[in-house]
Amino acid sequence: MTKKTIGIIGGMGPAATADLFMKITNVTKADCDQEHLRVIIDSNTAIPDRTAALVYGGESPIEQMRLSARTLETAGAQLLVMPCNTAHGFYDEVCSAVSIPVLHMIRICAGALGQRGIKRAGLLATDGTVRSGIYSDCFRGSGIELITPSPEHQAAVMDLTYNGVKAGRRSYDTRSFELAVRELMDSGAETLILGCTELPPAFEMYHLDYPFIDPTLELAKAAVLAAGGELR
């Protein structure tokens, strides 16, 4: 099977983009450089904030996201991925800009949780992702109940995302965020969905030890298989 080139619509944010690329590399079965897949990355940090657009009427990211998609297709990408959960609120607009497939991270995550037999999951995500209903729409009919934090604890999730990871603060105090996690677990969540692509790096950076599914990792595995690679 001829292997396909993966294009990453990145910059949302740079740490999440790097995280996805590393995960694609790490899950690919390869014994040398030449057995890895070709990956083209456009870390387009000019893409406006997705939560600001969805929730607060901020500048739309569509133009820049579509520009990245077209740039990657022109450069030779044969399938696209977006390491940003909130960006999937604009998924259809991105798809309409190109003639190649765009993998849908949240649908892939729902399928992975279903395979694990999870019935109740706690969603940690940005305000934009939560309020847009992207996850609830994708999980409808899956048999998996989603639990979200209370408003107070949702604010702690946003703070860790923007003032912790995006700001590059390695000494960030995670206590308020961990109260949000505890609230979800006490409400019956069997696992956490790291529904913001800044959260997998956060869990590693701040040594957070809770059961979770990483949509970025699931997207990486799906991208490798879609591109004709094998998983380790």
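Notes on the structure in this doc start here. (Residues numbered from 1 in each chain as written. Predicted model: local features only at pLDDT ≥ 70, side-chain atom pairs only at ≥ 80, totals over all residues. Heavy atoms only, no water.)

A word on the overall build of the protein. Regarding its fold elements, the protein presents eleven helices and seven strands. With respect to the principal axes defined by its C-alpha atoms, the protein has extents near 50 × 40 × 40 Å. Looking at the protein residue by residue over its 232 residues, the buried ones come to 53%. Of all intrachain contacts in the protein linking residues separated by at least 6 positions in sequence, the fraction that spans at least 24 positions is 73%. Surface accessibility of the protein: about 10,400 Å² in total, with carbon and sulfur atoms responsible for 48%. With 21 positive and 27 negative side-chain charges, the protein shows a separation of 4 Å between the mean positions of the two kinds. (Helix = DSSP H or I, 4+ residues; strand = E, 2+ residues; numbered from the N terminus. Buried < 20%, exposed > 50% of the residue type's maximum accessible area, 1.4 Å probe, protein only. Contact = heavy atoms within 4.5 Å. Areas by Shrake-Rupley, 256 points an atom, 1.4 Å probe, with all protein chains shown as cover. Lys, Arg positive; Asp, Glu negative; His and termini not counted. Charge placed at Lys NZ, Arg CZ, Asp CG, Glu CD.)

The tally for this structure, following the rule as stated, stands at nine salt bridges. Across the salt bridge formed by Arg140 and Asp137, the nearest N and O atoms sit 3.2 Å from each other. Residue Arg140 is classed as exposed on the basis of its relative accessible area of 60%. Asp137 sits in the partly exposed class, given a relative accessible area of 43%. Residues Glu218 and Lys221 are paired through a salt bridge, measuring 3.4 Å at the closest nitrogen-oxygen approach. With Glu218 and Lys221 both in helix α11 (residues 215–226) and three residues apart, the pair spans about one turn of that helix. Since its relative accessible area comes to 27%, Lys221 is described here as partly exposed. The network of salt bridges with common partners includes Asp19, Lys23 and Asp214. (Salt bridge = Lys/Arg side-chain N within 4 Å of Asp/Glu carboxyl O.)

For the rest of this paragraph, the subject is helix α8 (residues 151–165). Taking 1.5 Å of rise per residue, the 15 residues of α8 would be expected to cover 21 Å, and the 20 Å separating its terminal C-alpha atoms lies within 8% of that figure. Along α8, the residues classified as buried are His153, Gln154, Ala156, Val157, Met158, Leu160, Thr161, Gly164 and Val165. Where α8 is buried, its residues touch α2 (50–56), β4 (120–124), α6 (127–132), α9 (175–186) and α10 (199–205). (Expected span 1.5 Å × (residues − 1).)

Taken as a whole, this structure holds five aromatic pairs when the rule is applied. Ring centres 5.8 Å apart and planes at 40° place the aromatic pair Tyr172 and Tyr206 in the tilted group. Taken as a pair, Tyr172 in the loop between α8 and α9 and Tyr206 in the loop between α10 and β7 (212–213) lie far apart in primary sequence, 34 residues in all. The residues Tyr172 and Tyr206 share a single accessibility class, namely buried. Cluster of aromatic residues (ring-pair linked, three or more members): Phe177, Phe203, Tyr210 and Phe212. Of note, Lys166 hangs over the ring of Tyr162, and the distance from its end group to the ring centre comes to 5.6 Å. (Phe/Tyr/Trp six-rings, centres within 6.5 Å; stacked < 30°, edge-to-face > 60°. Lys NZ or Arg CZ within 6 Å of the ring centre and 35° of its normal.)

Attention now goes to empty space enclosed by the protein. Per the counting criterion, the structure on display carries one cavity of 30 Å³ or more. Roughly 90 Å³ of internal volume is contained in the largest cavity. For the largest cavity, the lining is made up of 14 residues, of which Arg50, Cys84, Thr86, Thr126 and Lys166 are closest to its centre. Split into classes, the residues belonging to the lining of the largest cavity amount to four nonpolar, six polar and four charged. (1 Å grid on protein atoms, 1.4 Å probe; cavity = no way out; pocket = protein on both sides within 12 Å on 5 of 7 lines; lining within 4 Å. Points joined across faces, edges and corners; volume = space filled by probe spheres on them. Nonpolar A, V, L, I, M, F, W, Y, C, P; charged D, E, K, R; others polar.)

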